Amino acid sequence: MDIRKLDQDVAITGQLTPQALAELRQAGYAAIICNRPDEEPGGQAPFAELAAEAERLGMQARYLPVVPGKITPADGAAFAALLDELPKPLVAYCRTGNRSETLWKLARG
């Protein structure tokens, strides 16, 4: 798992697995944000499965799926709201981390 810190509270990564969540929790992360739609090709774990494992580990999880190339200012505002709501530090993820980074940049203005 390649985690890249964007600031002291937010990191990004590519697709997570339920097994990776325990590693994140041990590293001190308190929440995850999924920015990848469940129906995307690529054999990812459905968000519901990741959310259940996150809850079991005492982490919070939110689903804010976006489509590459179609991210809007409203998506950025929704991401900003999640950043305000969720405990820190947190990890946002999608297939490669690029969408999550784009949302973070929009959320920062």
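Above this text is the structure in question.
Residues numbered from 1 in each chain as written. Predicted model: local features only at pLDDT ≥ 70, side-chain atom pairs only at ≥ 80, totals over all residues. Heavy atoms only, no water.

Caption draft 1: A look at the sheet that holds strand 5 (residues 90-93). Across the sheet, five strands lie side by side as 1-2-5-3-4; this open sheet has mixed pairing. Across the chains shown, the open sheet's two edge strands, defined by having one partner strand only, are strand 1 (4-5) and strand 4 (60-63). The pairing of strand 1 with strand 2 (residues 10-13) spans two bridges and is classified as antiparallel. Along strand 2, the bridge assignment pairs R4 with I12. Strands in contact with helix 4 (residues 98-108) are strand 1, strand 2 and strand 5; relative to strand 2, the strand with the most contacts, it is inclined by about 155 degrees. (Pairing = 2+ DSSP bridges. Helix = DSSP H or I, 4+ residues; strand = E, 2+ residues; numbered from the N terminus. Contact = heavy atoms within 4.5 Å. Axes fitted to C-alpha atoms, helices over the stretch in contact; angles between N-to-C directions.)

Caption draft 2: The pairing of strand 4, seen in detail. As defined by bridge partners, strand 3 (residues 31-34) adjoins strand 4 across four bridges and the pair is classed as parallel. Note that in strand 4 the partner of I32 across the bridge is A61. One crossover worth recording links strand 3 to the parallel strand 4 by way of helix 2 (residues 47-56), and it is right-handed. (Right-handed = clockwise from strand over helix to strand, strands pointing away.)

Caption draft 3: Representation of helix 1 (residues 18-26) within the structure. If you check which residues of helix 1 are buried, you get P18, A20, L21 and L24. Around the axis of helix 1, the buried residues are gathered within 135 degrees of arc, so they sit on the same side. For helix 1, exposure combined with an orientation more than 90 degrees from the buried face picks out Q19 and Q26. Tucked inside the fold, the buried residues of helix 1 contact strand 3, helix 2 and strand 5. (Buried < 20%, exposed > 50% of the residue type's maximum accessible area, 1.4 Å probe, protein only. Arc of directions from axis to C-beta.)

Caption draft 4: Main features of the nonpolar core. Residues L16, L21, L24, I32 and Y93 are the most contacted members of the largest nonpolar core, which totals 17 residues. Put simply, the parts of the chain that give this core at least two residues each are helix 1, strand 3, helix 2 and strand 5. Among the elements that make up this core, the one with the highest residue count is helix 2 (four residues). Setting aside residues up to four positions removed in sequence, Y93 forms contacts with T13, G14, Q15, L16, I32, I33, C34, N35, R36, F47, L50 and S100. Of all hydrophobic cores here, the second largest spans 15 residues; its members include V10, V66, L82 and L103. (Core = buried A, V, L, I, M, F, W, Y, C linked by side-chain atoms within 4.5 Å.)

Caption draft 5: Spotlight on the pattern of salt bridges. Within the structure shown, the criterion is met by six salt bridges. Linking R56 and E53 is a salt bridge whose minimum nitrogen-to-oxygen distance equals 2.8 Å. Here the residue R56 and the residue E53 both occupy positions in helix 2, the gap between them amounting to three residues, near one helical turn. For R56, a relative accessible area of 60% translates into the label exposed. One network of salt bridges, with partners in common, ties together R4, E101 and K105. (Salt bridge = Lys/Arg side-chain N within 4 Å of Asp/Glu carboxyl O.)

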